[in-house]
Amino acid sequence: MSQVTRIPDSEAFARISARLRAVVTSDAFAWWEAGRQRVTGGDPAPLAALFPALVRKLGRDPLLEPTDAGRFLAGERFLVDLAAYRRADAAGALLALAAVAGGADPSFLRTRFNEGDLDERTTVLRTLPFLGGAPVVLDLMGEAQRSNTQDHFEAAACDSDVAMRRLPQADLNRMVLKMAFLDVPVWRMLGGLQRADGELSRKLQDFATEREAAGRPVWVGTLAFIARAPVDGTRARLVGHLEHGDDRQRLAAAQNIAVLRDRSLARYVRERLGRELSPAIRAAMHEALAKLE
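Right, let's walk through the structure included here.

Calculation criteria
- Residues numbered from 1 in each chain as written.
- Predicted model: local features only at pLDDT ≥ 70, side-chain atom pairs only at ≥ 80, totals over all residues.
- Heavy atoms only, no water.
- Helix = DSSP H or I, 4+ residues; strand = E, 2+ residues; numbered from the N terminus.
- Contact = heavy atoms within 4.5 Å.
- Core = buried A, V, L, I, M, F, W, Y, C linked by side-chain atoms within 4.5 Å.
- Buried < 20%, exposed > 50% of the residue type's maximum accessible area, 1.4 Å probe, protein only.
- Phe/Tyr/Trp six-rings, centres within 6.5 Å; stacked < 30°, edge-to-face > 60°.
- Salt bridge = Lys/Arg side-chain N within 4 Å of Asp/Glu carboxyl O.

The next subject is the side chain of R211. Examined against the element boundaries, R211 turns out to sit in helix α11 (residues 198–213). Apart from residues lying up to four places away in sequence, R211 is in contact with R216, P217 and V218.

Structure, rendered in structure tokens:
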């Protein structure tokens, strides 16, 4: 992840607004600005008409271009990956936040979620990282956890640190297991590895064993979590993945053996290094050995 600097939330929201102005038409931005003025006093009622129009007015295109700097935005209470946000998501989040700043209880987002279509629900879930510890955050995170719509699960669980910051450990563990089931890259739960714990490691290892028995691939993120909270079987799994046929798995094994820093594993890394053909994996193995020896 790129380096980020914490800034006041108000400045972070101003940056999102400025980016929105830069990528939508002047008419679309004027419509959005008029809507924001309607909710600034703390009345969320206008959002019942504004949210359904967000995609039509502002679109599903990404808020950022691939070459844009400042992808990761860190406010005082959140970290988000703006590359994951659509223009409609950014616009909707700022509308909701304007109502909250005016005194509205954030629970109105529950109504917007219940009454919204797939796009509106995605926008509501993309708003959660900005709401601090409001009860509606955990409420809607739970809805996303149970959802069969992958876009909704990812909107809540990924591309911000809201799961890491707000979820109780048992709920976060369930979220990570669903990420493993859906094969969502581990880095998308920003800061999630900081919450690794033994119970999660055991569950991930059991799930990996089930996948292997069924001839299915193991989630690469498994190795990152278990290396940070090792339990019985962790070392054997990391060593075993050094011999995996998938380059991603061998790379993850080398990187996370370095995280574990168990010197007894150095001999397995050295032995595999002599047969490893991938330059990237060889480099990771050399880095691991530097930390182990």
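Structure's up, so let's keep going.
The next thing to look at is the nonpolar core. If you look at the biggest cluster of nonpolar residues, it comprises 91 residues, and the most contacted ones within it are F130 and M141. With 10 residues, the top contributor of residues to this core is helix α4 (residues 87–101).

Our next topic: the packing of aromatic side chains. Summed over all chains, the structure comprises 6 aromatic pairs. Taken together, a centroid distance of 5.7 Å and an interplanar angle of 15 degrees make the contact between F13 and F78 stacked. With F13 in helix α1 (residues 9–23) and F78 in the loop between β1 (72–74) and β2 (79–81), this residue pair connects regions lying 65 residues apart in the sequence. We classify F13 as buried; its relative accessible area is 18%. Looking at F78, the relative accessible area reads 0%, which means it is buried.

Overall, the coordinates contain 31 salt bridges when judged by the stated rule. E11 serves as the salt-bridge partner of R15, at 3.0 Å between the closest nitrogen and oxygen. Taken together, the residues R15 and E11, both in helix α1 and 4 residues apart, mark about one turn of the helix. According to the relative accessible area criterion, R15 is partly exposed, its value standing at 45%. The class of E11 is partly exposed, set by a relative accessible area of 33%. Notably, a salt bridge pairs R275 with E243, separated by 2.5 Å at the nearest N-O pair. With a gap of 32 residues between them, R275 in the loop between α15 (266–273) and α16 (279–292) and E243 in the loop between α13 (234–241) and α14 (247–260) connect regions that are remote in the sequence. Within this structure, E243, D247, R250, E271, R272, R275 and E276 form a network of salt bridges that share partners.

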